[in-house]
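# Structural characterization, general
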Amino acid sequence: QVQLVESGGGLVQPGGSLILSCAASGSIFSINAMGWYRQAPGKQRELVAMVARSGTTNYADSVKGRFTVSRDNAKNTVNLQMNNPKPEDTAVYYCHEKVVRSPVITLAAYDYWGQGTQVTVSS
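Overview of the structure. In this text, all values refer to a predicted model and were calculated from it rather than measured experimentally.

This brings us to the pattern of salt bridges. Here the structure, examined in full by the defined rule, presents five salt bridges. Of the charged contacts in the structure, one is a salt bridge between Arg-38 and Glu-46, with a shortest N-O distance of 2.9 Å. The partner of Asp-89 in a salt bridge is Arg-38, and the shortest N-O contact between them spans 3.0 Å. Highlighted residues: Asp-89 in the loop between β8 (77-83) and β9 (91-100) and Arg-38 in strand β4 (residues 30-39), separated in sequence by 51 residues. Each member of the pair, Asp-89 together with Arg-38, is buried. Through salt bridges with shared partners, a single network forms among Arg-38, Glu-46, Arg-66 and Asp-89.

The subject of this paragraph is the packing of aromatic side chains. If you walk through the whole model with that rule in mind, you get one aromatic pair. Its guanidinium or amino end placed over the ring of Tyr-94, Arg-45 lies 3.8 Å from that ring's centre, counting from NZ or CZ.

It is worth spelling out the pairing of strand β7 (residues 67-72) at this point. The side chains of a regular strand alternate, first on one face of the sheet and then on the other. Only one face of β7 is buried, namely the one carrying Phe-67, Val-69 and Arg-71, since none of Thr-68, Ser-70 and Asp-72 on the opposite face is buried. Where β7 and β8 come together, six bridges link them in antiparallel fashion. What sits directly across from Ser-70, in β8, is Asn-79. Hairpin connection, β7 to β8: the antiparallel pair is bridged by four residues, and Asn-76 has positive phi, about 55°.

Attention shifts here to the nonpolar core. One finds Trp-36, Leu-80 and Tyr-93 to be the most contacted residues of the largest nonpolar core, which totals 29 residues. If you list the elements that add at least two residues to this core, you get β1 (2-7), β3 (17-26), β4, β5 (46-52), β7, β8, β9 and β11 (117-121). With residues up to four places along the chain from it excluded, the contact list for Tyr-93 reads Glu-6, Leu-20, Trp-36, Tyr-37, Arg-38, Val-48, Phe-67, Leu-80, Met-82, Gly-116, Thr-117 and Val-119.

Let us look at the side chain of Arg-38. For Arg-38, a relative accessible area of 6% gives the class buried. Reaching out from Arg-38, the side chain makes a polar contact with the side chain of Asp-89 at a distance of 3.0 Å.

Before going further, it helps to spend a moment on the side chain of Glu-97. With respect to the helices, strands and loops of the structure, Glu-97 is situated in strand β9. Salt bridges are absent for the buried Glu-97, whose nearest opposite-charge side chain, Arg-71, sits at 7.2 Å. In this view, Glu-97 contacts Leu-4, Cys-22, Ala-24, Ile-31, Ala-33, Met-34, Asn-76, Val-78, Tyr-110, Asp-111 and Tyr-112; residues no more than four positions away in its chain are not counted.

Cut-offs applied
- Residues numbered from 1 in each chain as written.
- Predicted model: local features only at pLDDT ≥ 70, side-chain atom pairs only at ≥ 80, totals over all residues.
- Heavy atoms only, no water.
- Salt bridge = Lys/Arg side-chain N within 4 Å of Asp/Glu carboxyl O.
- Helix = DSSP H or I, 4+ residues; strand = E, 2+ residues; numbered from the N terminus.
- Buried < 20%, exposed > 50% of the residue type's maximum accessible area, 1.4 Å probe, protein only.
- Phe/Tyr/Trp six-rings, centres within 6.5 Å; stacked < 30°, edge-to-face > 60°.
- Lys NZ or Arg CZ within 6 Å of the ring centre and 35° of its normal.
- Pairing = 2+ DSSP bridges.
- Core = buried A, V, L, I, M, F, W, Y, C linked by side-chain atoms within 4.5 Å.
- Contact = heavy atoms within 4.5 Å.
- Polar contact = N/O pair within 3.5 Å; in protein donor to acceptor, adjacent residues only side chain to side chain.
- Lys, Arg positive; Asp, Glu negative; His and termini not counted.

Worth remembering: the numbers are spatial, not functional.
Put into structure tokens, the structure is as follows:
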């Protein structure tokens with residue numbers, strides 16, 4: 001079993017800063033990709049940022065230059081540093097990871113999701 005636990009969400013003022021963190025635990029051999037999606041009320045869930053084991057990152061155009069995703073492979077954690085957040089960044093943020101669970105079947109990766117953490121950007 002794999003569990004993802006998110007933390008760091010809450011209320012932040014425009015122009016402020018917020019850091020989200022996600023810790024993975026359970027039956028994990030390696031994590032191919034770690035990152036964040038978000039879903040605002042009435043909208044579809046969308047990619048925010050992902051980082052692969054190689055360190056390669058992928059960001060939504062709307063957050064480039066403002067958000068930074070990073071991972072700690074030793075701790076199986078991924079962070080999202082949110083600088084200069086805007087009201088349109090308000091959403092539930094979900095940690096997402098692609099996990100290899102077996103040291104033998106290393107080509108099999110499984111998708112896992114956190115419960116979500118609310119981020120509200122308001123003055």
